[in-house]
Amino acid sequence: MTNFTFSHLFNRIGVVILAAVFLGGCGLYSGLSRTTEKIGQSISGSDGSFRKKVGIVSLNNLAANAKGPLAEQIQADFQKKLKDSCANVLWIGPGDPNYPDFIRNPALSPSKDFDNLALANAARKTGYQAILQLSLLNIDVHQYDKGVLWFKKTQQNGRLLWSVVIYDSETSAKLLNFSHPFDFKIDSNDIEAIRQAKLNEVSGLPDAIDRSLAEVSKEICKSLGQTAWKGFITQVSDSVITLSSGADAGLKVGQELTAYAPGETISGVAGRSYLLQGKKVGKIRITRVSGNQAEAEPIGNAAVESGGMVQVR
């Protein structure tokens, strides 16, 4: 009877321990912790033939141990992954022809952050639907305990910590704002190399950067895929409506778009300002298209104004 009781007890303990280890292991490998903020997204309509134009700000490198060629390589790899992953987006980043100065040297607020309203206004004039910035916050050694009770064991991984912000040109709000930690295996030599800022000696770092940027790019593409294409009206003269998007965005002669009046500017937290969508004023028809510009005419009595917006729906 006693042997049965102890055997039964140890079997139960074994099951509990195995379950805990299994669940702990699953937790370690089953996805990454993110905080994602999506502000002002609108679900895309029948605009699959239109290409969104998105500007990429230079990498905001806050990792003290990642300087020089590594930061430059990260920027180049990131842009390539975005272009490969999001076929319906026209990406313009550092090194690309006609990279605009307002993205190369973005306007700053008194707190040295982006002046989101100035950024949005400049983006609308040149046909950019959104502005994106990738930040590398840190490359470090992440220590954690694995297991339960007296079976706990301290382990160490390498960790990359990324942050992504996308500013929406229509509202000047953050369309997407998330952080993305990525853990990778390291040995004792890698640990010392990371702590001494000798990142070229960390054997698994290039692969970790490649895989983590692929995940970040996928998240960005998913978000942009859920937003409708938008164009912006830069001038109205003698019933000729000029748009800051053209053939590069997929516009064609004869297409009809819904036009909206300029939106009201409202004040938000920390001295920021945002734009509300204006009221619907009617439809316009595309009459002429060039590379990055188009002209249109109002349909009926549509009261179109400079500073307004157009959409497919």
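Structure shown above.
Residues numbered from 1 in each chain as written. Predicted model: local features only at pLDDT ≥ 70, side-chain atom pairs only at ≥ 80, totals over all residues. Heavy atoms only, no water.

Caption draft 1: Inspection of the pattern of salt bridges at higher detail. Within this structure, the stated rule accounts for 12 salt bridges. Ionic pairing is found between lysine 83 and aspartate 96, a salt bridge with its closest N-O pair at 3.1 Å. Within this pair, whereas lysine 83 is found in helix 2 (residues 69-85), its partner aspartate 96 is found in the loop between strand 4 (89-92) and helix 3 (101-104), the two being separated by 13 residues in sequence. Exposure remark for lysine 83: the relative accessible area of 36% places this residue in the partly exposed category. Relative accessible area serves as the criterion here: at 17%, aspartate 96 is assigned to the buried category. The salt bridge involving glutamate 170 is made with lysine 230; its shortest N-O contact spans 2.6 Å. Within this pair, whereas glutamate 170 is found in the loop between strand 6 (153-168) and strand 7 (174-185), its partner lysine 230 is found in the loop between helix 6 (205-225) and strand 8 (231-237), the two being separated by 60 residues in sequence. (Salt bridge = Lys/Arg side-chain N within 4 Å of Asp/Glu carboxyl O. Helix = DSSP H or I, 4+ residues; strand = E, 2+ residues; numbered from the N terminus. Buried < 20%, exposed > 50% of the residue type's maximum accessible area, 1.4 Å probe, protein only.)

Caption draft 2: Looking closely at the packing of aromatic side chains. Tallying each qualifying case throughout the model produces three aromatic pairs. Judged by centre distance (4.7 Å) and plane angle (35 degrees), the rings of phenylalanine 50 and tryptophan 229 are tilted. Remark: tryptophan 229 occurs in the loop between helix 6 and strand 8 and phenylalanine 50 occurs in the loop between strand 1 (36-37) and strand 2 (52-56); sequence separation between them is 179 residues. Accessibility classification places phenylalanine 50 together with tryptophan 229 in one group, the buried group. Between phenylalanine 102 and tyrosine 128 the ring centres are 5.8 Å apart and the planes differ by 75 degrees, which places this aromatic pair in the edge-to-face class. Taken together, the residues span a long stretch of sequence, with phenylalanine 102 in helix 3 and tyrosine 128 in the loop between helix 4 (116-125) and strand 5 (130-146) at a distance of 26 residues. Judged by its relative accessible area of 3%, tyrosine 128 is buried. (Phe/Tyr/Trp six-rings, centres within 6.5 Å; stacked < 30°, edge-to-face > 60°.)

Caption draft 3: Fine view of the pairing of strand 9 (residues 240-243). Note: strand 8 against strand 9, four bridges, orientation antiparallel. Bridge pairing in strand 9 places isoleucine 233 opposite leucine 243. With antiparallel pairing between neighbouring strands as the criterion, strand 8 and strand 9 make up a hairpin whose turn holds two residues, including aspartate 238 at a positive phi of roughly 50 degrees. Here strand 9 runs beside strand 14 (residues 294-299); their pairing, made up of three bridges, is antiparallel. By the bridge assignment for strand 14, leucine 243 is matched with alanine 294. (Pairing = 2+ DSSP bridges.)

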